[in-house]
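# Structural description and commentary
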Amino acid sequence: MENKNKYIILTTMLIQSTLLIVINCTIIDTSTLEALKSSMPIFNIMILITTVLMLLSLKKANSFIKKETELELVKSNMKNTEDLLNLLRTQRHDYLSHIQAIESLIILKEQEELEEYIKGISKEYRITNEMIRLGNSVLTAIINTKKEIAEKKGIVFHVRCKNKVSLHGINSWELSSIISNLIENAIEEASSIENEKWIKITISYVYNNFVFEIENTRKINNEIGDNIFKPGVSSKNAAGRGYGLFIVKNVVEKYNGSIEFKTTEKNSIIFKVILPSEDGAYGEKAI
Amino acid sequence: MTDFILISMFLSFPEAIIMLLIGLKLCSIRINLKKVLLISFIQASVAFLIKLTNINFGIQSIVQIITFWVLIILILKMKSYKAIVPVLIGFFIDGIIQQLIISIANNFIKIDFSKLSSEFEYTFIYSLFILSTSLFVLLIIHKTRFIFCDLSVEGEVIGEQK
């Protein structure tokens, strides 16, 4: 599809400039005020056309910005899926060599070594075996990828999904943006503390709404607490930070959902996102 | 009447050629000379007819912009939203040059614009100045290969490639 937007913006700018020149020339050329007045209706029509084009340009520019944001979200979503696929591919690649090693140990009748070997690889493949399936490919990819990242950082990652997630009305990249941002924040916060590090994700379905609760250890700074959804507000004093929750809030509100957070006595913070389910199809149990 | 014909033949026609070439060059569009001459000839004829109607200068310009736009759409087979870009660029630069010449004539040589537009000798000299300045601008654009908005890279064949 051709990008007409840039031509509309360009044409608006050029019409405005040309119109100014034409009006200027007309003023110079006109000998009487009456003659000048007679041209006014035409100029007014031109100004009206330019104004309409200007408004159209603004609208197109906004839509362009929105499309760019969507593209960024899709990219981030794709990256999560790609990470998960890479993890699965890597493990699948190793299967063959492990099977060959097991076969050799059986042939050699090295029972003890075989047991050790199997114990070792079963521990290694814990992640694949414990693959959480949530009924939504995007959520499955994000949560499993983030789980692996969190566990590598020594964070205990719990997921409790009561029902399969069926959110057909929401764009996959926007759902990815919500969950990714919240989990990334949780990982960052949990990993910054010394003692107990854990993240707990609970997904439930209550009165036609999907409720996502992301809880993690670390008590948030109370001063930031009230403004946490405002752009540029972050508990980390670094430039360019504090836009994740702002984006999350915007996306959640776009789908008539809500987001809130609370701190608990056990030194943790819970972010609760409520997203309405349009079709109400949720019956199946999550795996 | 003879003055109008002379002005259209020797001034409006080359002015249209230069204006078209400036607009197309700044949009990185190359067309063959025949099409340039054809569009410019029709445009000069339209300019001549418009001058005969004795309507206001500003409205004359707007009508000329519209006819130029239609000619480019029809002859170069360009999409309407793309065709308007070289037309407006050409007219804008021509308008700037005209303003410049008028300002110089008015402030430094002390010649009133009414004289420039009504008396043939003055009109001729004034148009000659505009033509030479436009030609100079076209040469600069050609030499520097400056492109304002590249319309040739969108996968559409515009006119004939030289």
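Overview of the structure.

Criteria and cut-off values
- Within each chain, residue numbers correspond to sequence positions counted from 1 in written order.
- Throughout, the order in which chains and ligands are written sets their labels, letters from A for the former and numbers from 1 for the latter.
- Where totals are concerned, whole chains, interfaces and linings use all residues; where local detail is concerned, this predicted model gives features only for residues with pLDDT of at least 70, and gives and counts side-chain atom pairs only at 80 or more.
- No hydrogens and no water enter the side-chain calculation; it runs on all heavy atoms of the structure.
- Any residue under 20% of the maximum accessible area for its type is buried, any over 50% is exposed, and the rest in between are partly exposed; the area is computed with a 1.4 Å probe on protein chains only.
- Counting from the N terminus, the helices are the DSSP runs of H or I reaching at least four residues and the strands are the DSSP runs of E reaching at least two.
- A strand pair is defined by DSSP finding two or more bridges across the two strands.
- When the strands point away from the viewer and the path from the first strand over the helix to the second turns clockwise, the crossover is right-handed.
- Definition of nonpolar core: a set of buried residues of the types Ala, Val, Leu, Ile, Met, Phe, Trp, Tyr and Cys, connected through side-chain atoms within 4.5 Å.
- Contacts were defined at the residue level, with two residues in contact if any of their heavy atoms lie within 4.5 Å.
- A helix is expected to span 1.5 Å for every residue after the first.
- When a carboxyl oxygen of Asp or Glu lies within 4 Å of a side-chain nitrogen of Lys or Arg, that pair is called a salt bridge.
- Counted as a polar contact is a pair of N or O atoms within 3.5 Å, where, for protein atoms, one must be capable of donating a hydrogen and the other of accepting one, and residues adjacent in sequence contribute only when both atoms are in side chains.
- Residue classes follow a fixed rule: Ala, Val, Leu, Ile, Met, Phe, Trp, Tyr, Cys and Pro count as nonpolar, while Asp, Glu, Lys and Arg count as charged, and any other residue, Gly among them, counts as polar.
- Geometry is summarised by axes, namely lines fitted to C-alpha atoms with helices restricted to the contacting stretch, and by angles between N-to-C directions that run from 0 to 180 degrees.

## Observations concerning the pairing of strand S2 (residues 198–206) of chain A
Consecutive residues of a regular strand have side chains that alternate between opposite faces of the sheet. Residue and element names in this part refer to chain A. S2 sits mainly inside the fold: 7 of its 9 residues count as buried. Where strand S1 (residues 156–161) lies against S2, 6 bridges are found, and the strand directions are parallel. Looking across to S2, one finds that Cys 161 is bridged to Ile 203. Since S1 and S2 lie parallel, the crossover through helix H6 (residues 172–191) that links them has a hand, and here it is left-handed. Pairing of S2 with strand S3 (residues 209–217), which is carried by 8 bridges, proceeds in the antiparallel orientation. Pairing of Tyr 205 across the sheet is with Phe 210, part of S3. Hairpin connection of S2 to S3: 2 residues between the antiparallel strands, including Tyr 207 at a positive phi of 45 degrees.

## A word on the nonpolar core
Core analysis: the largest hydrophobic core is formed by 51 residues, its most contacted members being Val 85 and Leu 151 of chain B. For this core, the secondary structure elements donating two or more residues are helix H1 (4–29) and helix H2 (33–107) of chain A together with helix H1 (2–26), helix H2 (33–53), helix H3 (57–76), helix H4 (80–107) and helix H6 (120–144) of chain B. It is H4 of chain B that contributes the most residues to this core, 12 residues altogether. Contacts of Val 85 of chain B, omitting those with residues within four sequence positions, involve Tyr 7, Leu 10, Thr 11 and Leu 14 of chain A together with Cys 27 and Leu 151 of chain B. Formed by 40 residues, the second largest nonpolar core is a distinct cluster that contains Ile 170, Leu 175, Phe 210 and Ile 214 of chain A.

## A short note on H2 of chain B
All names here are of chain B. With 21 residues, H2 should cover 30 Å at 1.5 Å per step; its first-to-last C-alpha distance of 30 Å lies within 8% of that length. Buried within H2 we find Val 36, Ile 39, Ser 40, Gln 43, Ala 44, Val 46, Ala 47, Phe 48 and Ile 50. Phi turns positive one or two residues past the end of H2, at Asn 54, with a value near 60 degrees.

## Describing the interface of chain A and chain B
Counting residues at the interface gives 25 residues for chain A and 27 residues for chain B. Counting across the chain A and chain B interface gives 0 salt bridges. Where chain A packs against chain B, one counts 1 residue pair in polar contact (both at pLDDT 80 or more). Contributing elements (two or more residues each) for the side of chain A that touches chain B: H1 and H2 of chain A. It is H1 of chain A that contributes the most residues to the side of chain A that touches chain B, 16 residues altogether. Broken down by class, the residue content of the side of chain A that touches chain B amounts to 13 nonpolar, 8 polar and 4 charged.

## Details of the environment of Leu 114 of chain A
Residues and elements named next belong to chain A. Residue position: Leu 114 is located in helix H3 (residues 111–124). Leu 114 gets classed as buried once you look at its relative accessible area, which sits at 10%. Along the backbone, Leu 114 and Glu 103 are 11 residues apart, and their C-alpha atoms lie at a distance of 9.3 Å. Discounting chain neighbours no more than four positions away, the residues touching Leu 114 are Ile 102, Leu 105 and Ile 106.

## Re the sheet that holds S1 of chain A
Residues and elements named next belong to chain A. Here 5 strands make up an open sheet; going across it, the order is S1-S2-S3-S5-S4 and the pairing mixed. A single partner strand is all that each edge strand has here, and the edge strands are S1 and strand S4 (258–263). Strand-to-strand twist in this sheet, taken as the mean axis angle between neighbours without regard to direction, amounts to 15 degrees. With 9 bridges joining them, S3 and strand S5 (residues 268–276) adopt antiparallel strand pairing. Each bridged residue has a counterpart across the sheet, and for Ile 214 the counterpart in S5 is Phe 271. Those strands touched by helix H5 (residues 137–152) are S1, S2 and S3, and its axis lies near 155 degrees from that of S1.

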